[in-house]
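Each chain is listed here by its residues.
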Amino acid sequence: MEKKVILSGIQATGDLHLGNYIGAMKNFVKMQEDYDCYYMIANLHALTVRRNPNELKQNALKVLATYIAVGIDPDKSTIFLQSQVHEHAELGWVLDCYTYMGELSRMTQYKDKSSKHADNINAGLFTYPSLMAGDILLYQADLVPTGEDQKQHVELTRDIAERFNKLYGETFKIPEPYIPKIGARIMGLQDPTSKMSKSSTLPNDTILLIDTPEEILKKVKKAVTDSEGIVKYDEKNKPGISNLMEIYGIINNKTMEEIEKEFEGEGYGTFKVAVAESIIKELDPFRKKYNELMANPKNLEEIYNKGAKKAQEVASKTLKDVYDKIGIIR
Ligand code: AQP
């Protein structure tokens, strides 16, 4: 039986954080055993915000090294740079023409990012979801593992694919979002009402995967909680503690009830140290492997070139079918 296909990606916009790991990459690793996986480094998507060119290049390598260091095996999964497979930009443009302004203007990410970057509300920020639809549909993906924040974009991808199939006949597989039940939205440690994010400006808000054990302990100890002093899951009234419980639960495979029992009668101090130690232990093998990979850019180059070749074999077939159907001469 043919394996189901997975496509997902992470933007090349900086050092990755615990939210990216728990919400997305932990599933990427698990799924590579049973699925045909395509994991993209979304460097074209990163252009919606002004970037330093050298940093953008370096960030693409960082995401690649992170993928491998968290456990994605380039011999099992196809890891590639979005920019090396030109079919993404081409299908993205085609799908722009099958996506409505009204749909795009309802996207939460567009609203958030345009308020954060009010001086640069460019058209790419607005049409980002059509390019993302192209990314997914090129590979005829069955599932798209992401955090909660990307669910809306996957739903729009489904709408665009259904619209296209209706007009031209069966062309695209309709993908499903695959979102973890716990950990789909890890919140900032300083502002537990906003998602943990690469671009947070609050100090100690985001745990980076490359943080040292000392930095992790310091950030978790400083995490905003509440004055009740009881380790209890209550997302609405205790967002800080609930967020730390989710992190602890995912890493240690424990339910919220089990965690409440484990820390009954203990203060937040003890709990926070346990959370920090779990994160440190989980990320310990990552740091060493990541540093080794980053020290050998030639090896990374070989991996992404090989991945792009494999990805393009699949992507070019889909684009050919699309062009034939809509009347574009190749
Ligand atoms: N806080 C989060 N909790 C759970 N999952 C998360 N993801 C991102 N933040 C969290 C998931 O990680 C994957 C890659 O995200 P991305 O880099 O493509 O985009 P992003 O959501 O724009 O990441 P950031 O950190 O928020 O970057 P900035 O600050 O640049 O906007 C996705 O699957 C996402 O769901």
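Keep in mind that this is a model prediction, so the values were computed, not measured.

> What is the right way to look at the site of the ligand in this model?
Around the ligand there are 23 residues in total, and Asp149, Lys195, Ser197, Lys198 and Ser199 lie nearest to it. Contact between the ligand and Ser197: an oxygen atom at 2.6 Å from a side-chain N or O atom of the residue. Taking Lys198, its side chain carries an N or O atom lying 2.3 Å from an oxygen atom of the ligand. Protein chains shield 96% of the accessible area of the ligand, which is 650 Å² for the free molecule. Of all the secondary-structure elements, those providing two or more residues to the shell around the ligand are strand E1 (5-11) and helix H1 (18-31).

> Help me out: how do you make sense of the domain arrangement of the chain in this one?
Often, the extent of an interface is quoted as the loss of accessible area on bringing the components together. We note that the domain assignment places domain 1 (5-184 + 297-326) and domain 2 (213-291) within the chain. Spacing between the C-alpha centres of domain 1 and domain 2 amounts to 30 Å. Contact with domain 1, which involves 13 residues of that partner, is made by 10 residues of domain 2. Regarding the contact of domain 1 and domain 2, the summed buried area is about 1100 Å², with carbon and sulfur atoms giving 73% of it. The largest share of the area that domain 1 buries against domain 2 comes from Leu18, Ala69 and Ile182, three residues that together contribute 45% of it. Summed over the shared surface of domain 1 and domain 2, the number is 1 salt bridge. When the shortest N-O distance is used, the salt bridge between Glu282 and Lys26 registers 3.0 Å. The tally of links from domain 1 across to domain 2 stands at 3 residue pairs in polar contact (both at pLDDT 80 or more). Mapped onto the side of domain 1 that touches domain 2, the elements with two or more residues apiece are H1 and helix H2 (53-70). Residue contributions to the side of domain 1 that touches domain 2 peak at 6 residues, all from H2. Partitioned by chemical class, the residues of the side of domain 1 that touches domain 2 number 8 nonpolar, 2 polar and 3 charged.

> Teacher, can you tell me more about the pattern of salt bridges here?
Should the charged atoms of two oppositely charged side chains come close, the side chains can pair. Considering all chains together, one arrives at 19 salt bridges under this definition. In this structure, Lys219 and Asp211 form a salt bridge, with 2.7 Å as the shortest nitrogen-oxygen distance. In this pair, the class of Lys219 matches that of Asp211, namely buried. Between Asp324 and Arg330 there is a salt bridge, with the nearest N and O atoms lying 3.2 Å from each other. Here Arg330 falls in the exposed class, since its relative accessible area comes to 59%.

> For this particular structure, what's the right way to read the packing of helix H6 (residues 123-138) against helix H7 (residues 151-168)?
Axes are the key here: two packed helices are described by the angle between their axes and the distance separating the axes. Packing of H6 against H7 brings their axes to within 9 Å, and their N-to-C directions diverge by 70°. Classed by the angle they form, the pair H6 and H7 counts as roughly perpendicular. Residues Tyr128, Pro129, Met132, Ala133, Ile136 and Leu137 of H6 pack against His153, Val154, Leu156, Thr157, Ile160 and Ala161 of H7. Per-class residue counts for the contact of H6 with H7 are 10 nonpolar, 2 polar and no charged.

> Before we go on, may I ask you to explain the side chain of Ser130 in this structure?
Considering the arrangement of structural elements, one finds Ser130 in helix H6. Among the polar contacts made by the side chain of Ser130, one reaches the side chain of Asp96 at a distance of 3.1 Å. Once you skip the residues sitting within four places of it in the chain, Ser130 turns out to touch Gly92, Leu95, Asp96, Thr99 and Leu104.

> How do you make sense of the nonpolar core when you look at a structure like this?
One recurring pattern in soluble globular proteins is that nonpolar side chains are buried together. With 62 residues, the main nonpolar core has Met25, Ile41, Tyr67, Val220, Phe271 and Ile279 as its most contacted residues. Three or more residues apiece are contributed to this core by two domains, here domain 1 (5-184 + 297-326) and domain 2 (213-291). Those residues in contact with Val220 that lie beyond four places of it in its chain are Leu189, Ile207, Leu244, Lys272, Val275, Ala276 and Ile279.

Parameters and conventions
- Residues numbered from 1 in each chain as written.
- Predicted model: local features only at pLDDT ≥ 70, side-chain atom pairs only at ≥ 80, totals over all residues.
- Heavy atoms only, no water.
- Near = heavy atom within 4 Å.
- Polar contact = N/O pair within 3.5 Å; in protein donor to acceptor, adjacent residues only side chain to side chain.
- Areas by Shrake-Rupley, 256 points an atom, 1.4 Å probe, with all protein chains shown as cover.
- Helix = DSSP H or I, 4+ residues; strand = E, 2+ residues; numbered from the N terminus.
- Domains from an automatic or database assignment.
- Contact = heavy atoms within 4.5 Å.
- Buried area = accessible area lost by both parts, 1.4 Å probe.
- Salt bridge = Lys/Arg side-chain N within 4 Å of Asp/Glu carboxyl O.
- Nonpolar A, V, L, I, M, F, W, Y, C, P; charged D, E, K, R; others polar.
- Buried < 20%, exposed > 50% of the residue type's maximum accessible area, 1.4 Å probe, protein only.
- Axes fitted to C-alpha atoms, helices over the stretch in contact; angles between N-to-C directions.
- Parallel < 35°, antiparallel > 145°, perpendicular 65-115°, else oblique.
- Core = buried A, V, L, I, M, F, W, Y, C linked by side-chain atoms within 4.5 Å.

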